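Analysis of the macromolecular model
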Amino acid sequence: DSGNVLYDFFIGRELNPRIGTFDWKEFCELRPGLIGWVLLNIACAKQQYSVLGYVTGSMILVNVFHGIYVWDALYQERAILTTMDITTDGFG
């Protein structure tokens, strides 16, 4: 915060925007995107099943590996606080 509202508006954005104790940057870093990714993968597998009548091996592997990746990210959520995205990059 430079003290000049106009300068701050055009030059930057908040590093860690919060409403009370809710950290928007940490929330948006993980939950909506990663959970949405898994839901999109499941929808793709469902569509493939409706078109082909079966789900291919590669689709199963993508769903399994992405699911493991997302589960690990959400399970180890505290580790996100040490990444460059959270510590130095602005939000947005």
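Here the structure is shown first, and the text comes after it.
Notes on the structure in this doc start here. This one's a predicted model, so the numbers in the text were calculated from it and none came from an experiment.

**Here's the deal with the nonpolar core**
Of all hydrophobic cores here, the largest spans six residues; its members are L30, L34, V70, A73, I80 and I86. Secondary structure elements with two or more residues in this core: α2 (24–52) and α3 (57–75). Apart from the residues lying within four places of it in its own chain, the contact partners of V70 are L34, W37 and V38.

**Section: the environment of R78**
Along the chain, the position of R78 falls in the loop between α3 and α4 (84–87). R78 sits in the exposed class, given a relative accessible area of 74%. Put simply, R78 and R31 are 47 residues apart on the chain and 13 Å apart in space, counted from C-alpha to C-alpha.

**Focus: the packing of aromatic side chains**
If you walk through the whole model with that rule in mind, you get five aromatic pairs. Aromatic pair F22 and F27: ring centres 5.4 Å apart, planes at 50°, arrangement tilted. When the ring of W71 is compared with that of Y75, the centres are 5.0 Å apart and the planes differ by 10°; the resulting orientation is stacked. Residue W71 and its partner Y75 are both found in helix α3; the two are separated by four residues, about one turn of the helix. Since its relative accessible area comes to 57%, Y75 is described here as exposed.

**Quick notes on α2**
Under the 1.5 Å per step criterion, the end-to-end length of α2 is 41 Å for 29 residues, consistent within 8% with the ideal 42 Å. Buried residues in α2 make contact with β2 (22–23), α3 and α4. Two or three places before K25, at the start of α2, stands the capping residue D23, its side-chain oxygen 3.1 Å from that residue's backbone nitrogen. Looking at the residues trailing α2, positive phi occurs at G53, about 90°.

Analysis parameters
- Residues numbered from 1 in each chain as written.
- Predicted model: local features only at pLDDT ≥ 70, side-chain atom pairs only at ≥ 80, totals over all residues.
- Heavy atoms only, no water.
- Core = buried A, V, L, I, M, F, W, Y, C linked by side-chain atoms within 4.5 Å.
- Buried < 20%, exposed > 50% of the residue type's maximum accessible area, 1.4 Å probe, protein only.
- Helix = DSSP H or I, 4+ residues; strand = E, 2+ residues; numbered from the N terminus.
- Contact = heavy atoms within 4.5 Å.
- Phe/Tyr/Trp six-rings, centres within 6.5 Å; stacked < 30°, edge-to-face > 60°.
- Expected span 1.5 Å × (residues − 1).
- Polar contact = N/O pair within 3.5 Å; in protein donor to acceptor, adjacent residues only side chain to side chain.

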